[in-house]
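Descriptive analysis of the structure
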Amino acid sequence: MDRSAEFRKWKAQCLSKADLSRKGSVDEDVVELVQFLNMRDQFFTTSSCAGRILLLDRGINGFEVQKQNCCWLLVTHKLCVKDDVIVALKKANGDATLKFEPFVLHVQCRQLQDAQILHSMAIDSGFRNSGITVGKRGKTMLAVRSTHGLEVPLSHKGKLMVTEEYIDFLLNVANQKMEENKKRIEKFYNCLRHALERETMTNLHPKIKEKNNSSYIHKKKRNPEKTRAQCITKESDEELENDDDDDLGINVTIFPEDY
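To start, this report covers the structure provided alongside it. Keep in mind it's a predicted model, so treat the numbers as computed, not measured.

1. Comments concerning the overall build of the protein chain
- The secondary structure content of the protein chain amounts to 6 helices and 10 strands.
- When each of the 259 residues of the protein chain is scored for burial, the buried share is 41%.
- A sequence separation of at least 24 residues applies to 76% of the contacts in the protein chain between residues at least 6 apart.
- A total of about 15800 Å² of accessible surface is found on the protein chain, and carbon and sulfur atoms cover 50% of it.

What follows is the structure, given as structure tokens:
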């Protein structure tokens, strides 16, 4: 079986499976993005989360936040209000932790060059911890992710350790991160649509490709420091917050044959 046929088989199998996530469906803020990718021949999504604020209750003897072993006191993919957190905290028996988890998306790509397009758009949109993983069997996975999360303990053994004023402050921070997260998702989607539309036009008209390549080489000689083309959108781009510790490179990991 050739690689293209094998990829189509993997895609059909993946998209026919039931959604096993806790919610059981794709988050509203990324439905269009996920559908857009799954309609393209060269991509399919394997998992996603639009970003969420959650309150977890660990066991009394627990020291690590492991969601599978925690009680989920509160989870929302929208902005969160203090009253909801205060009510949820009353149910905590162990160590309650407030978390913000940013957007994450996993996409299997037909070829490495397809993954590189998505990776470039993700980096330019602020998801600067994104990376590509290549398996020996030919599976090429792109993970879109960033590091602007938040994790703060609020209670210990069921006892609240912070003031309501501090909880209000934390929620303001978490909500700001949620709003920034949504802007990044929108920018990623818009950049991706424009990039793939340009690629489609180039493939349909080889002369355009030759002209674009010639133009790129000419511009590169004049501007050697500009190594990545910028995505052009109609919206005015606001300055994204910096993630100083993010890895801007492509991560390539080789898995065993049974991957």
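2. A short note on the pairing of strand S6 (residues 131–134)
- Bridge count between S6 and strand S7 (residues 140–144): 4 bridges; the pairing is antiparallel. When the sheet's bridge partners are listed, Thr133 is paired in S7 with Met141.
- Where S6 folds back on S7, the antiparallel hairpin that results is connected by 5 residues, among which Gly138 adopts a positive phi of roughly 100°.

3. Let's talk about the sheet that holds S7
- Taken in spatial order, the 4 strands make up an open sheet running S1-S5-S7-S6, and their pairing is antiparallel. Every interior strand has two partners, whereas the edge strands, strand S1 (43–49) and S6, have only one. Ignoring strand direction, the axes of neighbouring strands in this sheet form an average angle of 20°.
- Set on the sheet, helix H1 (residues 3–16) makes contact with S1 and strand S5 (104–109); between it and S1 the angle comes to about 35°.
- Packed on one face of the sheet, helix H2 (residues 31–39) meets S1 and S5 and runs near 160° to S1.

4. Topic: the pattern of salt bridges
- This model, assessed by the stated rule, comprises 9 salt bridges.
- Across the salt bridge formed by Arg137 and Glu6, the nearest N and O atoms sit 3.8 Å from each other. Note that Arg137 is positioned in the loop between S6 and S7 and Glu6 in helix H1, a separation of 131 residues in sequence.
- Judged by its relative accessible area of 17%, Glu6 is buried.
- Taking the shortest distance from any N to any O, the salt bridge between Asp29 and Lys78 comes out at 3.8 Å. Here the residue Asp29 occupies a position in the loop between H1 and H2, and Lys78 occupies one in the loop between strand S3 (71–76) and helix H3 (82–89), the gap between them amounting to 49 residues.

5. Some thoughts on the nonpolar core
- Leu33, Leu37, Phe103, Leu105, Val144, Phe188 and Leu192 are the most contacted members of the largest nonpolar core, which totals 27 residues.
- When residues of this core are traced back to their parent elements, those giving at least two are H2, S5, helix H4 (112–124), S6, S7 and helix H5 (164–204).
- The element best represented in this core is H5, accounting for 7 residues.
- Filtering out sequence-adjacent residues up to four positions away, Phe188 remains in contact with Leu33, Phe103, Leu105, Leu118, Met121, Ala122, Ser125, Phe127 and Val144.
- In terms of nonpolar packing, the next biggest core, distinct from the first, is built from 22 residues, Ala96, Ile167, Leu170 and Ala174 among them.

6. Points about H1
- With 14 residues, H1 ought to run about 20 Å at 1.5 Å a step, and its terminal C-alpha atoms sit 20 Å apart, in line with that.
- Elements that come into contact with the buried residues of H1 comprise H2, S1 and S5.

7. Side note on unusual backbone geometry
- For Lys157, which is not glycine, the phi torsion reads 55° and is therefore positive.
- The residue Lys157 is located in the loop between strand S9 (155–156) and strand S10 (159–160) in this model.
- Residue class for Lys157 comes out exposed when judged on its relative accessible area of 54%.

About the criteria used
Residues numbered from 1 in each chain as written. Predicted model: local features only at pLDDT ≥ 70, side-chain atom pairs only at ≥ 80, totals over all residues. Heavy atoms only, no water. Helix = DSSP H or I, 4+ residues; strand = E, 2+ residues; numbered from the N terminus. Buried < 20%, exposed > 50% of the residue type's maximum accessible area, 1.4 Å probe, protein only. Contact = heavy atoms within 4.5 Å. Areas by Shrake-Rupley, 256 points an atom, 1.4 Å probe, with all protein chains shown as cover. Pairing = 2+ DSSP bridges. Axes fitted to C-alpha atoms, helices over the stretch in contact; angles between N-to-C directions. Salt bridge = Lys/Arg side-chain N within 4 Å of Asp/Glu carboxyl O. Core = buried A, V, L, I, M, F, W, Y, C linked by side-chain atoms within 4.5 Å. Expected span 1.5 Å × (residues − 1).

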